[in-house]
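# Fold and geometry: a report
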Amino acid sequence: MDKVSSDCPYPGCFFCVMKEGNPSKRRASILKFFRELPSQDDDGQVLPISGLWNTAMAHPNDQEFIDLGIFECMAALIWKGLKNRRWLAHDQNIYIPYYAAHIIGSYTMNMEEFADSAVHAGVIPPLVELLRGRLTWVEQRVAVRALGHLATYSSTFPALASHGEILELSIQLAMSSLEIVYSHFYQYVDRRLSYHCDLLTRGMGGVEMESRKAEEWASQLQCWSLQLINCFAFKPEFLSTICKPEFLIKLPGMWGGLVNENSPAGIGLLRTICHHKLGRGPVASCTGIIEALCNIARSSDDWQYMAIDCLLWLLQDPSTCHKVIDKAVPALVDLAEISALGDHKKLGDTIVSVLQECIQSQGNGRNSLSNRTKEQIEELLNSRQRLKWEKSMPKEDLHIKQAAALVVKLEGNSLFSSGNISGAASKYSEALALCPMRSKKERVVLYSNRAQCYLLLQQPLFAISDATRALCLHNPLNRHAKSLWRRAQAYDMLGLAKESLLDAILFINECSQSNDPDLSLRQNKVPDYAERLVKKQMRAAWLFREAAIKHGGVHCEGDAGDIYGRETDDSEWETASESDIGNDGRDEMGDDDDDDSEWKNEDERKDKYDKPSIKDIKHGYNVQLAEDEP
């Protein structure tokens, strides 16, 4: 520690120590530095801590600092910040507890042996104090991250579980994190703590960047809380604490926002809960959860299989089946054509098998099924039987059925073109009855076309069902652009902003990735009607919306003019429920082979789609033919 660079003003500078060429002297100096740092009150302590943070982020699996006592040093620094407010307020020491907790989390992220060392070094008690909110929400964020990493390992989980308050604190934080960040940072720009702003923006300030990063960090705070709770949920003895109705009912809405697209979010925790019998009962008894699970199961994102698993486990459990079956069956029937979803092979067959068991085990009393549910399951089983029959049919007969279906579909197109929307829907239904089950491309088109009819007939639930079936049949799965757009519109009609937003974004992705020459000529330009819908739903699904309404940042539930607490141009946020379904719904009905004019001339398309309404379409005003190919 005595060797100091000639141009360095700090005796025993950590950065000078790191330049020591002799390995044994370097290790001895680092060891001494870690031991002495918590007891020092010199200025400039935040600089080496910041350097250690950068090192931990860049090399989280490097064991050198672990062996030399970094965990003991970081735990002592957190305690010092908690107990000595004079020291904490001096110089830039206010940053140190944040960096210290972050360093612990980074080094325990991947390596169980590092996590063991951290627990033995005593990091849990000071992290729990940060989790309590003894400082601010920023320190809570890194504390829950670090504790979540420690909870993932079998060797360190018992040490966390011995602190019973960790689970309760995490549950409360998951439910209140968005409101905490909104009310303590986002809402009042002039009251934001300067060191929070610096941490969020890393020196690249500005109110807009601070606000965007606050949303991201608030989302992470909630997601990391859920991850920590999830570790407890694998242990049956903790399920009674987790499965409180006030918490369970909020889980489907804890989706983490778009910035945490790889997070399992609330649905991941629900899946863990539903995996155990003790968790399925409370989930099935919570009003609204099954409907939310059905919406997520129909979605086209990475959470889809989690919701499907939940529904299947609830149906396979005799004690919960009767509570959920009438709500779950419509969604699962729509999903029965899924062949594989990620690592889930033959998922559609599994769905069919579970539904078949349900109808076979039905009886009188509480396990009896409603007539509508029976009809839906029997219709699905008949379609599977029909597929078996078709396998033994001569090819000539199948070609005849396919040709007959095409004729009926063209009749439906003609009716749609003339404005007879209900007649067109009937024809598409007739064509589906004729079309061979193995003719998946043709069935995708028929379902998607009928979904458009249901949109125009103001029947969004039927539109969602048909669009979902088309997406399940399509290869690749969930990638049929027009069905994504139609389902986005249907969700919008029902006021389901998050679901609509996800489908609209996926629709835009499909447009940008399309190999169609007319699409590629647009150079990945986002269709203006899709942009309008995305903007509208981003406002409605804004992460802080509920907190903003509670704290007066939004004047009322339906007010779109001040959702972010600042003025906007309302003309930019035209609603999609009427103009977009009318205009852009018609836009999406064009034949892929015969009518791609929607993509060829932007000015012409704007003129064509900014005038007619749903009423115009129903009466055949400027309506194009239904598509022939997906």
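Values in this document were obtained by computation on a predicted structure and should not be read as measured data.

Defined simply, a disulfide is a covalent bond joining two cysteines at their sulfur atoms. Per the stated rule, a full pass over the model turns up 0 disulfides. Note on Cys243: no disulfide assigned, nearest cysteine sulfur contributed by Cys286 at a separation of 8.4 Å.

Moving on, we come to a positive patch on the surface. Taken together, the side chains of Lys388, Lys391, Lys395 and Arg438 present a region of like positive charge at the surface. If you trace the backbone, Lys391 turns up in helix H23 (residues 371–391).

Two side chains of opposite charge can pair, provided their charged atoms sit close to one another. By the definition in use, this model includes 26 salt bridges. With its nearest N and O atoms 2.8 Å apart, the salt bridge here joins Asp349 to Arg384. With Asp349 in helix H22 (residues 347–360) and Arg384 in helix H23, this residue pair connects regions lying 35 residues apart in the sequence. Bridged by salt links that share partners, the residues Glu129, Arg132, Arg134 and Glu165 form one connected network.

All right, on to the confidence of the model for the protein then. With 82% of its residues at a pLDDT of 70 or more, the protein has an overall mean of 84. Taking the mean pLDDT of every element in the protein, the minimum, 28, falls on helix H34 (residues 597–600) and the maximum, 98, on helix H9 (residues 124–131). When the criterion is pLDDT under 50, residues 555–626 qualifies, and its contacts beyond four places in sequence or with other chains add up to 180 contacts.

Taking 1.5 Å per residue, 17 residues should reach 24 Å; helix H21 (residues 318–334) reaches 23 Å between its end C-alpha atoms and fits that length. Helix geometry: H21 is bent most strongly at Val324, by close to 65 degrees. Inspection of H21 places Thr320, Cys321, Val324, Ile325, Ala328, Val329, Ala331, Leu332, Val333 and Asp334 among the buried residues, and these make up the whole buried set. On its buried face, H21 sits against helix H18 (277–285), helix H19 (289–297), helix H20 (304–316), H22, H23 and helix H27 (460–473).

Between the first and last C-alpha of helix H31 (residues 528–540) there are 18 Å, a value that for 13 residues agrees with the 18 Å anticipated at 1.5 Å per step. Along H31, the residues classified as buried are Asp528, Tyr529, Ala530, Arg532, Leu533, Val534, Lys536, Gln537 and Arg539.

Attention now goes to the packing of aromatic side chains. A ring pair, where both rings are aromatic, is described by two values, the distance of the centres and the angle of the planes. All told, the structure shown has 23 aromatic pairs when counted by the stated rule. On the basis of an interplanar angle of 90 degrees and a centroid distance of 5.0 Å, the ring pair of Phe232 and Phe238 is categorised as edge-to-face. We note that Phe232, like Phe238, is buried. Sitting over the face of the ring of Trp224, Arg145 holds its NZ or CZ atom 6.0 Å from the ring centroid. Lying over the aromatic face of Phe157, Lys235 brings its terminal NZ or CZ to 5.3 Å of the ring centre.

Turning our eyes to something else, we now look at the environment of Tyr188. Topologically, Tyr188 is positioned in the loop between helix H12 (165–186) and helix H13 (194–201). On a C-alpha basis, the gap between Tyr188 and Gly553 in space is 9.9 Å, while along the polypeptide they are 365 residues apart.

So, about the environment of Met306. Among the structural elements, Met306 can be located in helix H20. Counting along the chain gives 42 residues from Met306 to Pro264, while the straight-line C-alpha distance between them is 8.6 Å. Residues within four places of Met306 in sequence aside, it is in contact with Pro264, Ile267, Gly268 and Arg271.

About the cut-offs
Residues numbered from 1 in each chain as written. Predicted model: local features only at pLDDT ≥ 70, side-chain atom pairs only at ≥ 80, totals over all residues. Heavy atoms only, no water. Disulfide = S-S within 2.5 Å. Patch = residues over 30% accessible without salt bridge, like charges linked within 9 Å, V, L, I, M, F, W, Y side chains within 5 Å. Areas by Shrake-Rupley, 256 points an atom, 1.4 Å probe, with all protein chains shown as cover. Salt bridge = Lys/Arg side-chain N within 4 Å of Asp/Glu carboxyl O. Lys, Arg positive; Asp, Glu negative; His and termini not counted. Charge placed at Lys NZ, Arg CZ, Asp CG, Glu CD. Helix = DSSP H or I, 4+ residues; strand = E, 2+ residues; numbered from the N terminus. pLDDT = per-residue confidence, 0-100. Contact = heavy atoms within 4.5 Å. Expected span 1.5 Å × (residues − 1). Bend = angle between axes of the 7 residues up to and from the residue. Buried < 20%, exposed > 50% of the residue type's maximum accessible area, 1.4 Å probe, protein only. Phe/Tyr/Trp six-rings, centres within 6.5 Å; stacked < 30°, edge-to-face > 60°. Lys NZ or Arg CZ within 6 Å of the ring centre and 35° of its normal.

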